[in-house]
Amino acid sequence: MLGTMCASFRNGLFSPGCPACGEPCNEEQLCRACRSSFASPSTEGSVPLGIRETHVLWAYSGTPRRLIVQAKEEPRSPCAPYLAQALFKEIQTMGFEPGPVFAPPASWRRTWKGWHLAEHLAESMRRRLGWSRGGMRLRRLGFSKPQVTRTGQERRQALQGRFRVRKGKKSIPARVWLLDDVLTTGATLSECARAFHSIGVDRVGAWILCRSERFRKPLDGYTKHP
Ligand SMILES: [Zn+2]
């Protein structure tokens, strides 16, 4: 703790340091220790139903987890820009089909905080890629209790029908991308996909920074929409 504080102090004076741990290093690169702490996501976890392609960058552990936790808590930390840059590079490398990019609308707790990492990343990708929202808005109707304490089925039930897409004046695109930081059950993304399918979007894909290993079992009781 003290070491981190000292490092932050030094970095505040001399250089930005490693975005994940604050230790001195070159420019905005991760230090060697943090670079070595990235794991690939498990291929066994649940896939959000109704979503055609789910692209996950890392497992939710080590450095990615630290970057996400810090980025959610502290908007001005160097973690959010680092994550945005990593995601952008990945999207460019993979060469995905263009389409509007949306983050699931924030829960009441995040709205209250006034800082929503996923929306920040979505806005950053829209700007960098030039893929606009096409005049559409993804909205959350009302607010539910925190998700963390619920099981997968409870999450799904609580979220059913909670999301709506407001159409713009432009025509409905065939492809839409959803963007989130951590994938657990996929219930939120699934319900967002349902909202897009219901207005006539054909292909909904998802970009996710990390897959959490907490929920491995695929969810049932849900069929492909519309
Ligand atoms: Zn580091």
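Details of the structure are given in the entry above.
Throughout what follows, the structure given in this document is the object of discussion. (Residues numbered from 1 in each chain as written. Predicted model: local features only at pLDDT ≥ 70, side-chain atom pairs only at ≥ 80, totals over all residues. Heavy atoms only, no water.)

### What to know about the packing of helix α4 (residues 79-94) against helix α6 (residues 117-129)
At their nearest, the axes of α4 and α6 sit 10 Å apart, and the two run at 50° to each other. By the angle between their axes, α4 is oblique relative to α6. The chirality of how α4 crosses α6 is right-handed. When α4 is examined against α6, the residues Ala80, Leu83, Ala84, Gln85, Leu87, Phe88 and Ile91 are found in contact with a partner set consisting of Leu117, His120, Leu121, Ser124, Met125, Arg128 and Leu129. (Axes fitted to C-alpha atoms, helices over the stretch in contact; angles between N-to-C directions. Helix = DSSP H or I, 4+ residues; strand = E, 2+ residues; numbered from the N terminus. Parallel < 35°, antiparallel > 145°, perpendicular 65-115°, else oblique. Left-handed = near helix turned anticlockwise from the far one by under 90°. Contact = heavy atoms within 4.5 Å.)

### Details of the coordination of the zinc ion
At this site the zinc ion is bound by Cys18 (SG), Cys21 (SG), Cys31 (SG) and Cys34 (SG), with donor distances of 2.3 Å. With four donor atoms in place around the zinc ion and angles of 103 to 116° between them, the coordination shape is tetrahedral. (Donors = N, O, S within 2.8 Å, 3.2 Å for Na, K, Ca; no water. Tetrahedral: all angles 85-135°; square planar, octahedral: opposite > 155°, others 65-115°.)

### Focus: the side chain of serine 212
With respect to the helices and strands, the residue serine 212 is situated in the segment after β6 (203-211). Dropping the residues within four chain positions of it, serine 212 is found in contact with Tyr60, Val182, Leu183 and Thr184.

### A word on the nonpolar core
If you look at the biggest cluster of nonpolar residues, it comprises 38 residues, and the most contacted ones within it are Leu83, Trp207 and Leu209. Counting only elements with at least two residues in this core, the list comes to β1 (53-59), α3 (62-73), α4, α6, β5 (175-183) and β6. The element best represented in this core is α4, accounting for eight residues. Composition of this core by domain shows at least three residues from each of domain 1 (1-36) and domain 2 (38-211). Contact partners of leucine 209, with chain neighbours within four places excluded, come to Val56, Leu57, Trp58, Ile68, Leu83, Leu87, Leu121, Asp180 and Asp181. Listed in part, the 22 residues of the second largest apolar core include Met136, Leu138, Leu159 and Ala206. (Core = buried A, V, L, I, M, F, W, Y, C linked by side-chain atoms within 4.5 Å. Buried < 20%, exposed > 50% of the residue type's maximum accessible area, 1.4 Å probe, protein only. Domains from an automatic or database assignment.)

### Let's talk about the packing of aromatic side chains
Tallying each qualifying case throughout the model produces six aromatic pairs. Measuring from centroid to centroid gives 5.2 Å for phenylalanine 38 and tryptophan 58, while their planes differ by 65°, and the two rings are edge-to-face. In this pair, phenylalanine 38 is assigned in the loop between α2 (32-35) and β1 and tryptophan 58 in strand β1, connecting sequence segments 20 residues apart. Judged by relative accessible area, phenylalanine 38 falls into the partly exposed class, the value being 27%. (Phe/Tyr/Trp six-rings, centres within 6.5 Å; stacked < 30°, edge-to-face > 60°.)

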